[in-house]
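Spelled out from the first residue to the last, the chains are:
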Amino acid sequence: GGVKILFESELGVADFHLPNKISILYVSECDIIAGNSYKRKLVRYRNTSSSFQELVLVENTRLSAQYFSAVQKFVVFDLGLTLLPVSGQTEASQLITQIV
């Protein structure tokens, strides 16, 4: 097997659409440290009505660790989305491959 990657410009707010009806939004360390602008993107992601299960991958690194608790509370409690912490892009890609 393998994973076939297709690049699509019409994903909307989601960063990934997986073939098993899962959409993923990726929140990077940079997004978290830069301030609260990622919150608007998360709200838009949640508000897009879709038949996809919505997952949020959040980088939890040494630099973003101090903000992670607040991000987690916002994503899970305020928005009701599923959050999966990852250490970076490599772990995120491995996780996405496992989900597919």
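Every chain is numbered on its own, with residues counted from 1 as its sequence reads. In keeping with the model being predicted, local features are shown solely for residues with a pLDDT of at least 70 and side-chain atom pairs are shown and tallied solely at 80 or more, while totals for entire chains, interfaces and linings include all residues. Hydrogens are left out, water is left out, and the side-chain values use all remaining heavy atoms of the structure.

What to know about the overall build of the protein chain
Here is the rule: Numbering of helices and strands runs from the N terminus; a helix is a DSSP stretch of H or I covering at least four residues, while a strand is a stretch of E covering at least two. Throughout this description, buried means an accessible area under 20% of the type-specific maximum (1.4 Å probe, protein chains only), exposed means over 50%, and partly exposed covers the range between. Here, residues are in contact when the closest pair of their heavy atoms is within 4.5 Å. Every accessible area reported is derived by Shrake-Rupley at a probe size of 1.4 Å, with residue values counting cover from the shown protein chains alone.
Per the secondary structure count, the protein chain includes 4 helices and 4 strands. When the helices and strands of the protein chain are placed in sequence order, the string is β-β-α-α-β-α-β-α. Classification of the 100 residues of the protein chain by burial places 33% in the buried group. The long-range fraction of contacts in the protein chain, counting pairs at least 24 apart against all pairs at least 6 apart in sequence, stands at 68%. Total accessible area on the protein chain stands at roughly 6400 Å², and carbon and sulfur atoms take up 52% of it.

Structural notes on the packing of helix α2 (residues 37-47) against helix α3 (residues 65-78)
Note the threshold: Here an axis means a line fitted to C-alpha atoms, over the contact stretch when the element is a helix, while the angle between two N-to-C directions is reported on a 0 to 180 degree scale. Geometric relationships in this document are graded by angle, where less than 35 degrees denotes roughly parallel, more than 145 denotes roughly antiparallel, 65 to 115 denotes roughly perpendicular, and other angles denote oblique. For any helix crossing, the convention is left-handed if the near helix is rotated counterclockwise from the far helix by under a right angle, and right-handed if that rotation is clockwise. Classification convention: Asp, Glu, Lys, Arg as charged; Ala, Val, Leu, Ile, Met, Phe, Trp, Tyr, Cys, Pro as nonpolar; all other residues, Gly among them, as polar.
Interaxial distance between α2 and α3 falls to 11 Å at its minimum, and their mutual angle equals 20°. Here α3 runs roughly parallel to α2, going by the angle between their axes. Seen along the crossing, α2 lies across α3 with a hand that is right-handed. Within the contact between the two elements, α2 uses Tyr38, Lys39, Leu42, Val43 and Arg46 and α3 uses Val71, Phe74, Val75 and Asp78. Its residues assigned to classes, the contact of α2 with α3 shows 6 nonpolar, no polar and 3 charged.

Comments concerning the pairing of strand β2 (residues 22-27)
Stated formally: Two strands pair if DSSP finds at least two bridges between them.
Among the 6 residues that make up β2, 6 are buried, leaving the element largely enclosed by the rest of the structure. Covered by surrounding structure in β2 are Ile22, Ile24 and Tyr26 together with Ser23, Leu25 and Val27, the residues of both alternating faces. Where strand β1 (residues 16-18) and β2 come together, 3 bridges link them in antiparallel fashion. By the bridge assignment, Phe16 is partnered in β2 with Ile24.

Focus on a nonpolar patch on the surface
Put simply, the rule is: Only residues above 30% relative accessible area that lack a salt bridge enter a patch, with like-charged residues linked at up to 9 Å and the nonpolar side chains Val, Leu, Ile, Met, Phe, Trp and Tyr linked at up to 5 Å. Whenever Lys or Arg places a side-chain nitrogen within 4 Å of a carboxyl oxygen from Asp or Glu, that contact is recorded as a salt bridge.
A cluster of nonpolar residues, Ile33, Leu63 and Tyr67, forms a patch on the protein surface that exposes about 250 Å² of accessible area. With respect to the helices and strands, Leu63 occurs in the loop between β3 (53-59) and α3.

Some points on the nonpolar core
What counts, and what does not: To define a nonpolar core, start from buried Ala, Val, Leu, Ile, Met, Phe, Trp, Tyr and Cys residues and group those joined through side-chain atoms within 4.5 Å.
By size, the foremost hydrophobic cluster in this structure holds 17 residues, and its most contacted members are Val27, Leu42, Tyr45, Val56, Val58 and Val75. At the level of secondary structure, the elements contributing two or more residues to this core comprise β2, α2, β3 and α3. With 4 residues, the top contributor of residues to this core is α3. Excluding residues within four positions of it along the chain, Val58 makes contact with Val27, Ile32, Phe68, Val71, Leu83, Leu84, Pro85 and Val86.

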